[in-house]
Amino acid sequence: MAFTRATGKHRRTGRMHRTTVRAAGVAALATTGVVGTLAAPALAAEPEVEQTGLTPVVTIGDSIADEIDAQALAQKQAAADAAAREAAREAARERAAEAAKEAREAKERAAREAERKRLNTFVAPITASYVSTAYQAGSSLWSSGSHTGIDFHASSGTSVHSVGVGTVVEAGWGGAYGNQVVIRMHDGTYTQYGHLSSIGVSVGQSVEPGQQIGVSGATGNVTGPHLHFEARTSPEYGSDMDPVAYLRSHGVNV
């Protein structure tokens, strides 16, 4: 009896039965480590792939994919929140810088205004006094034949003040003027204070409006105690100008 030998080869059915869903997504997530934490259990449950020479395709379930999507969304939201916080911090820094700039500029304006006010402040050389002898009054008492300043009524020992901001250029004996002080004012004009009984400042000293520079007296060519006051264009005798007009132009009522 003849036996017929079967020809041809029979192979058993391959075990690689996969659904190729979201394969590309798994490959991308591998770089973030998400696959290692989420997909690993699902992959471990799969039977070993038969070595067929074909590239296997990984299958992940819908629940894991949803979890991966949620994690990616959370990361995106976290990045957006961080960017928003940084933008808010930058805006706060800009507001603080602007506020500091405004405060600095306001302080500088206030300082400039205070300095302007200081420089433009003038007072009378004798407080609560009056002019007893007018400017350019004629008399043989004066070598020029007329009065080069004005006299303020004052008893001996009355405080004499600088009329404004300036620097002392003369402080000492002035001949017919007796003890005198000459001040160069901040605007380049000069003021002179004569017949003082004593002097309280020295050459080179800066003075402020209302600062005491001496006390009145009767030194020099006088008939009684008073303050002789002059306004000049230079420190020298003969450069006088109207003291009343000078003081009034600076807001002093005399």
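Everything quoted here is computed from the prediction, not taken from an experiment. (Residues numbered from 1 in each chain as written. Predicted model: local features only at pLDDT ≥ 70, side-chain atom pairs only at ≥ 80, totals over all residues. Heavy atoms only, no water.)

All right, on to the side chain of N179 then. Among the secondary structure elements, N179 is positioned in strand β5 (residues 179-185). In this structure N179 comes out as buried when scored by relative accessible area, which is 18%. Among all residues touching N179, those that are not within four sequence positions of it are G172, W173, Y193, G194, H195, L196, S197, I199 and T219. (Helix = DSSP H or I, 4+ residues; strand = E, 2+ residues; numbered from the N terminus. Buried < 20%, exposed > 50% of the residue type's maximum accessible area, 1.4 Å probe, protein only. Contact = heavy atoms within 4.5 Å.)

A word on the packing of aromatic side chains. Throughout the structure, instances matching the rule amount to three aromatic pairs. Both rings, one in F122 and one in Y246, keep their centres 6.1 Å apart while their planes meet at 80°; by these two values the pair is edge-to-face. Of the two residues, F122 is situated in the loop between α3 (62-119) and β1 (131-133) and Y246 in helix α4 (residues 243-249); the sequence distance between them amounts to 124 residues. An aromatic cluster is defined as three or more aromatic residues linked by ring pairs; in this entry it consists of F152, Y193 and F229. (Phe/Tyr/Trp six-rings, centres within 6.5 Å; stacked < 30°, edge-to-face > 60°.)

This part takes up the confidence of the model for the protein. Residue-level pLDDT values for the protein average 83, and 74% of them are 70 or greater. Confidence drops under pLDDT 50 across residues 1-32; counting only partners more than four residues distant or on other chains, this segment forms 27 contacts. Residue range residues 34-47 is modelled with pLDDT below 50. Its contacts to residues more than four positions away, or to other chains, number 20 contacts. (pLDDT = per-residue confidence, 0-100.)

On to the side chain of T219, then. Among the structural elements, T219 can be located in the loop between β8 (212-216) and β9 (226-232). Residue class for T219 comes out buried when judged on its relative accessible area of 19%. Within the local environment of T219, its side chain forms a polar contact with the backbone nitrogen of N179, the two atoms lying 3.0 Å apart. For T219, the residues in contact, after removing those within four places along its chain, are W173, Y177, G178, N179, H195, L196 and S197. (Polar contact = N/O pair within 3.5 Å; in protein donor to acceptor, adjacent residues only side chain to side chain.)

Moving on to the environment of G204. By secondary structure assignment, the location of G204 is in the loop between β6 (190-199) and β7 (206-207). Taking C-alpha positions, G204 is 9.7 Å from G166, a pair spaced 38 residues apart along the chain. When near neighbours in sequence (up to four residues on either side) are disregarded, G204 contacts T167 and V168.

Okay, the pattern of salt bridges next. According to the stated counting rule, one finds seven salt bridges in the structure shown. Where R93 meets E86, a salt bridge forms, and the shortest distance between an N and an O atom there is 3.1 Å. Relative accessible area serves as the criterion here: at 43%, R93 is assigned to the partly exposed category. Of the charged contacts, one joins E115 and R118 as a salt bridge, the two residues approaching to 2.8 Å between their closest N and O atoms. With E115 and R118 both in helix α3, this residue pair falls three residues apart, about one helical turn. In this structure E115 comes out as partly exposed when scored by relative accessible area, which is 33%. Exposure remark for R118: the relative accessible area of 28% places this residue in the partly exposed category. Here the residues in one salt-bridge network are E86, R89, E90 and R93, joined through shared partners. (Salt bridge = Lys/Arg side-chain N within 4 Å of Asp/Glu carboxyl O.)

Quick look at the pairing of β8 now. In terms of burial, β8 is a largely internal element, four of the five residues being buried. In this sheet, β8 lies alongside strand β3 (residues 159-161) in antiparallel orientation, the contact comprising three bridges. Opposite H161, over in β8, you have Q212 as the bridge partner. One ladder, built from three bridges, connects β6 with β8; its direction is antiparallel. The residue of β8 that forms the bridge with S198 is V215. (Pairing = 2+ DSSP bridges.)

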